[in-house]
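# Observations on chain architecture
What follows is each chain in one-letter form.
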2 protein chains.
Amino acid sequence: MMRAMVTRAGKLVVGEIPKPMPLPATVLIRVHGAAVNRADLLQKRGLYPPPPGASEILGLECSGTVEATFGNSSRFRVGDRVMALLRGGGYAEYALAEEGCVMPVPTTISLSEAAVIPEVWLTAYQLIVRVAKLQHGENIMIHAGASGVGLAASQIAKDLLGAHHIVTSCGSDSKCDASVRVGRASASVNYRSLKGSLSDAVIGAMKGERPNVLLDCIGGSVWVENLKMLDMDGRWILFGTMGGTKPPEGINLGHLLSKRVAVITSTLRNRSAEYQADLVRSFSNEVLPKLAAGKLHITIDSIYDLRDAEEAHRHVEQNENIGKVLLAGFESLEPNRQSDETLQRL
Amino acid sequence: MMRAMVTRAGKLVVGEIPKPMPLPATVLIRVHGAAVNRADLLQKRGLYPPPPGASEILGLECSGTVEATFGNSSRFRVGDRVMALLRGGGYAEYALAEEGCVMPVPTTISLSEAAVIPEVWLTAYQLIVRVAKLQHGENIMIHAGASGVGLAASQIAKDLLGAHHIVTSCGSDSKCDASVRVGRASASVNYRSLKGSLSDAVIGAMKGERPNVLLDCIGGSVWVENLKMLDMDGRWILFGTMGGTKPPEGINLGHLLSKRVAVITSTLRNRSAEYQADLVRSFSNEVLPKLAAGKLHITIDSIYDLRDAEEAHRHVEQNENIGKVLLAGFESLEPNRQSDETLQRL
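For chain A, an unreviewed UniProt entry supplies the name Enoyl reductase (ER) domain-containing protein and the organism Compsopogon caeruleus.

## Points about the interface of chain B and chain A
Each side of the interface is counted separately: chain B has 29 residues, and chain A has 29 residues. Both sides of the chain B and chain A interface together cover about 2,200 Å² of buried area, and 62% of this is carbon and sulfur. In terms of surface lost to chain A, no three residues of chain B exceed Leu253, Leu257 and Arg260 of chain B, which account for 32% of the buried area on that side. Across the contact surface, chain B and chain A share two salt bridges. Between aspartate 233 of chain B and arginine 271 of chain A there is a salt bridge whose closest N-O contact spans 3.5 Å.

## Observations regarding the packing of helix α3 (residues 118-131) of chain B against helix α4 (residues 148-160) of chain B
Residues and elements named next belong to chain B. Where α3 meets α4, the axes come as close as 8 Å, and the angle between the chain directions of the two elements is 50°. Here α4 runs oblique to α3, going by the angle between their axes. In terms of crossing hand, the pair formed by α3 and α4 is right-handed. For the pair α3 and α4, contact is made by Val120, Trp121, Thr123, Ala124, Tyr125, Ile128 and Val129 and by Gly148, Val149, Ala152, Ala153, Gln155, Ile156, Ala157 and Leu160, respectively. Among the residues making up the contact of α3 with α4, the classes are represented as twelve nonpolar, three polar and no charged.

## A look at the environment of serine 302 of chain A
Residues and elements named next belong to chain A. Within the secondary structure layout, serine 302 lies in strand β14 (residues 300-305). For serine 302, a relative accessible area of 17% gives the class buried. Here aspartate 301 takes part through its side chain, which lies 2.6 Å from a polar atom of the side chain of serine 302.

## As for unusual backbone geometry
Residues and elements named next belong to chain A. In this model, alanine 144 sits at a positive phi of 55°, which is unusual for a non-glycine residue. Turning to its location among the elements, alanine 144 is positioned in the loop between β8 (140-143) and α4 (148-160). The exposure class of alanine 144 is partly exposed, given its relative accessible area of 22%.

## Details of the domain arrangement of chain A
Residues and elements named next belong to chain A. Parsing chain A into structural domains produces domain 1 (2-117 + 300-345) and domain 2 (121-265). Distance from the C-alpha centre of domain 1 to the C-alpha centre of domain 2: 30 Å. Contact with domain 1, which involves eleven residues of that partner, is made by ten residues of domain 2. Both sides of the domain 1 and domain 2 interface together cover about 750 Å² of buried area, and 69% of this is carbon and sulfur. Sorting the residues of domain 1 by area buried against domain 2 places Ile117, Asn319 and Ile322 first, and these three jointly supply 52% of that buried surface. Taken together, domain 1 and domain 2 are joined by zero salt bridges. Where domain 1 meets domain 2, there are three residue pairs in polar contact (both at pLDDT 80 or more).

## A few points about the relation of the copies chain B and chain A
Taken as rigid bodies, chain B and chain A are interconverted by a rotation of 180° and an axial shift of 0.0 Å, the fit giving an RMSD of 0.0 Å. As the rotation angle and translation indicate, the two copies are arranged about a two-fold axis. Measuring from the rotation axis to each C-alpha of chain B, the shortest distance belongs to valine 263 of chain B, at 2.5 Å. Looking at chain B, 100% of its interface residues are interface residues in chain A too, so the copies touch through the same face.

What counts as what
- Residues numbered from 1 in each chain as written.
- Chains lettered and ligands numbered in written order.
- Predicted model: local features only at pLDDT ≥ 70, side-chain atom pairs only at ≥ 80, totals over all residues.
- Heavy atoms only, no water.
- Contact = heavy atoms within 4.5 Å.
- Buried area = accessible area lost by both parts, 1.4 Å probe.
- Salt bridge = Lys/Arg side-chain N within 4 Å of Asp/Glu carboxyl O.
- Axes fitted to C-alpha atoms, helices over the stretch in contact; angles between N-to-C directions.
- Helix = DSSP H or I, 4+ residues; strand = E, 2+ residues; numbered from the N terminus.
- Parallel < 35°, antiparallel > 145°, perpendicular 65-115°, else oblique.
- Left-handed = near helix turned anticlockwise from the far one by under 90°.
- Nonpolar A, V, L, I, M, F, W, Y, C, P; charged D, E, K, R; others polar.
- Buried < 20%, exposed > 50% of the residue type's maximum accessible area, 1.4 Å probe, protein only.
- Polar contact = N/O pair within 3.5 Å; in protein donor to acceptor, adjacent residues only side chain to side chain.
- Domains from an automatic or database assignment.
- Least-squares fit on C-alpha atoms with pLDDT ≥ 70 in both.

This is the structure we're talking about:
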């Protein structure tokens, strides 16, 4: 048995449930920390069901030490410091990960820092390198520049791919500051205090040039401004709909055609194990050494005790965080006996 | 001076205008035939203005013989049989083409057949090979399967790329028949006589599989059915909006995300000279030899005398054609003196 945060009546409470069942080529991790992702908030509300076969416990990433490995040959040994991209199950004492989605934690990175790496850094890397195929010298515009993905994406665009103008949008001056200072964006626009249109502000910040690539987790509410600012042959990478699924003004396909726009939607969690393992491999070669050397920066906004997961969720829900919110303290969890009923199902 | 079809009050009339001015690395072609494209119909109505610097005369492709070459070194000699992708100017006795967009006509192909090759075959090749990047064994669904582009696209998908299921939609049984017989589609659905939904019919024709790639010149009116039929990670190539620019039901971005769809829009005419020349080069290597050998089939629906261009346009406007409509008879044009006024501007 192990303790885990389980959902009861839409709230997270401490429960006690069986340890995950081992499968071939998996690694059981004794969890040190798990980060909060926006997908967790949706899943808790029943809006983002885990893919078939995945744990119903929240948590798309974790760090910790290897407790056991299953299968004939493993790259990992008991006690190794690791971090992993999970399909679910991170908010618990133990989490089971596909071996291909587990990475060793470099000695220069703490287990707390490691817990906030997999989900956002792999997402940012995937979107910019594999989906958008950003080229050296191209311009990129990133919405939510001080989010975990935003800070990772702007650094990858700058350091790994040599983007030219990297302009982000954020909802406060302190976020804009973090996006430029930590994320190394060329400029960041505060969309709340903006006079004039977002597209004009972005084109202005790009000194008259336009984005070739747009990283968009907002969707509906920024549709028209996105289309206005994009350059010819722009790649518009949509990976979230925080601003709604329906552009209020509707969509005119002729406007997309006139700029030869490609609207490419992408997710990570429900991709195949092979895809994820391949992504982890490339990321480990191209990005992880730079994180280990301190050339790319990991941003932890705050650390919450796992039993305060609800509070951590509220913090993210209110968009107060700059970078990632970490959950830790898995060792000292006291199970909430009232949740036993719920746990029977899990 | 030369004779050309010019637009006057929205109608095509014979006019007399100066021969095109030579530019470096261009070829002046004495036109044998020029094909009708849907873009011509739009341009005549003022809805598709020629790109900057292009002739205002209609006509995006032609065949003929080389009258002169301009620039230091040309791959062509006076008298050579050629066909060319044009940015405009095909409905005339002489047309000027960028040298990179001119192809020699193989001896097994007549000049009439050659006139209907460049625009649709390069468009189909571009969309399937470069934009959609269709892979061996993937499924493709093609709207307007008996159009010029449709017939070329299904043959390229089958013969060049080894697509698995190739299913098209057409508006009549005779078109469906042509799409299967000439276009070598696996099956073709008559959307007018269909009982049930188009998506169900396409998935049925694919024996329960779904399209990985969708070639869509329709847009708005088929948006929902397209999204329903597409497979995960589907590439939806939008290159026309014959069914309107606004999906009647609106668009839900969440639905795109749930299938990780990429909506990629594309055009050919306003691409750079370098892009077009590079496309022509690849096409000449990969496709032209198969056309010359009779392995891929050119479909001429009908041949009109150039002076009857209006009638040819009506034929296309009413979607009566299977394959391409050719305009010929450039030698016997009698200028219409009433059009002089218009011509001053050209």
